[in-house]
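Listed below, chain by chain, are the residues.
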Amino acid sequence: MTFTRPTSMLAGPTGGIEYLTIGQGTPSSVFAHGLGGSITTTRPFASGVPGTRTFLHFRGHGASEAPETAWTYPTLAAELRAVADHVAARQCLGVSMGAGAMCALLEQTPDRFDRLVFVIPALLDRPRTDAALQRLVDLADLVDDRDVEGIAAHFVNEQPEEVRDTDLVRGWAAEQARLLSGTPVSRALRALPRAVPLTDRASLGRVAAPALVIGQEDDAAHPAGIARELAEALPDARLEILPPGGVLWSHRRRVRELVSEFMTGGDAAAWKASASAAHGR
């Protein structure tokens, strides 16, 4: 994978973790990708965020090592914590699996961050058994078989119907397929669908930091209901549920606006009013 700037390696709790830091000064923010994602797919979320921005590759992704230890949310949380501590990050954004790693970290250390952004969370403290998660297990077979075309087709079919045939989506799917083919990520695709980030969502009641939770309608892999439940579990959360169309596709500009406004502070009075409305207070 090619970046405009060279990445670095950090000695993590169970192996080397690849990360990229851009910018300088405060705030210091860390960005965590989803399952099968990458530094590249996470960078758009930071485009309007000032200060120091650090992106990591979880185990088995990019150049990060893939230890033989189990793929669990607590192990992902440990990797996220290692990078966040290394760059003194006080803000964190996580996408899907990255949002789950954030939840696991916060259950252990509720005061670790000052601001939190959860993008399309998929799980809390209850296992899911629906077809969307089974498709991740099917994807694992394609990854092991090095079926690049099959992997690309899987990614295309997971996107909103209105954008599937665009060159942008098909090009993205082809690149993701090339990067995943034959990698240890297949182990995560089999293990994580049966795992949960939290032992008890009530533990999030100890998180004082303001949070932004972004979900989207008609996303089987990331049900909007999970985003609503997460926002309800957090004491100071603003909930944004976007229409169908894809967080990184039809609503890309809106997501950037939301993240940029929130991670730069935004208007405090408007923030509190929105957070209260999200909780029905």
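Scroll up to find the structure this text is about.
Computed from a predicted model, the values in this text were never measured in an experiment.

**Notes on the side chain of Thr42**
So, step 1. Within the fold, Thr42 resides in helix α1 (residues 39-42).
So, step 2. Under the relative-accessibility criterion, Thr42 is labelled buried at 2%.
So, step 3. From its side chain, Thr42 meets the backbone oxygen of Ser38 in a polar contact 2.7 Å long.
So, step 4. Residues within four places of Thr42 in sequence aside, it is in contact with Phe31, Ala32, His33 and Phe55.

**Thoughts on empty space enclosed by the protein**
So, step 1. Throughout the structure, instances matching the rule amount to three cavities of 30 Å³ or more.
So, step 2. Estimates place the volume of the largest cavity at around 50 Å³.
So, step 3. Gly12, Pro13, Thr14, Gly15, Gly16, Ile17, Arg59, Ser64, Glu65, Pro67 and Glu79 together form the lining of the largest cavity.
So, step 4. The residue makeup of the lining of the largest cavity, split by class, is three nonpolar, five polar and three charged.

**What to know about unusual backbone geometry**
So, step 1. Here the amide bond leading from Thr26 into Pro27 is cis, since omega sits at 0°, within 30 degrees of zero.
So, step 2. Tracing the backbone through its elements, the reader meets Pro27 in the loop between β2 (16-22) and β3 (28-32).
So, step 3. We note that Ile120 has phi near 40°; this positive angle belongs to a residue other than glycine.
So, step 4. As for its position among the elements, Ile120 is in the loop between β6 (115-119) and α4 (131-144).
So, step 5. For Ile120, a relative accessible area of 11% translates into the label buried.
So, step 6. Positive phi outside glycine occurs at Asp218, with the angle close to 60°.

**Focus on the environment of Leu168**
So, step 1. Positionally, Leu168 belongs in helix α6 (residues 167-180).
So, step 2. What makes Leu168 exposed here is its relative accessible area of 53%.
So, step 3. For the pair Leu168 and Ser47, spaced 121 residues apart in sequence, the C-alpha to C-alpha distance is 19 Å.

**Structural notes on helix α5 (residues 148-158)**
So, step 1. All of the buried residues along α5 are Gly150, Ile151, Ala152, His154, Phe155 and Val156.
So, step 2. Against α4 and α6 lie the buried residues of α5.

**Let's talk about the packing of aromatic side chains**
So, step 1. Tallied over the entire structure, the rule returns two aromatic pairs.
So, step 2. Aromatic pair Phe31 and Phe55: ring centres 5.0 Å apart, planes at 25°, arrangement stacked. Of the two residues, Phe31 sits in strand β3 while Phe55 sits in strand β4 (residues 52-56), which places them 24 residues apart along the sequence.
So, step 3. Ring geometry for Phe155 and Trp172: centres 5.6 Å apart, planes at 65°, overall edge-to-face. With a gap of 17 residues between them, Phe155 in helix α5 and Trp172 in helix α6 connect regions that are remote in the sequence.
So, step 4. Taking relative accessible area as the criterion, Phe155 reaches 10% and is therefore assigned buried.
So, step 5. The residue whose ring lies beneath Arg59 is Trp71, and the NZ or CZ to ring-centre distance is 5.7 Å.

Calculation criteria
Residues numbered from 1 in each chain as written. Predicted model: local features only at pLDDT ≥ 70, side-chain atom pairs only at ≥ 80, totals over all residues. Heavy atoms only, no water. Helix = DSSP H or I, 4+ residues; strand = E, 2+ residues; numbered from the N terminus. Buried < 20%, exposed > 50% of the residue type's maximum accessible area, 1.4 Å probe, protein only. Polar contact = N/O pair within 3.5 Å; in protein donor to acceptor, adjacent residues only side chain to side chain. Contact = heavy atoms within 4.5 Å. 1 Å grid on protein atoms, 1.4 Å probe; cavity = no way out; pocket = protein on both sides within 12 Å on 5 of 7 lines; lining within 4 Å. Points joined across faces, edges and corners; volume = space filled by probe spheres on them. Nonpolar A, V, L, I, M, F, W, Y, C, P; charged D, E, K, R; others polar. Phe/Tyr/Trp six-rings, centres within 6.5 Å; stacked < 30°, edge-to-face > 60°. Lys NZ or Arg CZ within 6 Å of the ring centre and 35° of its normal.

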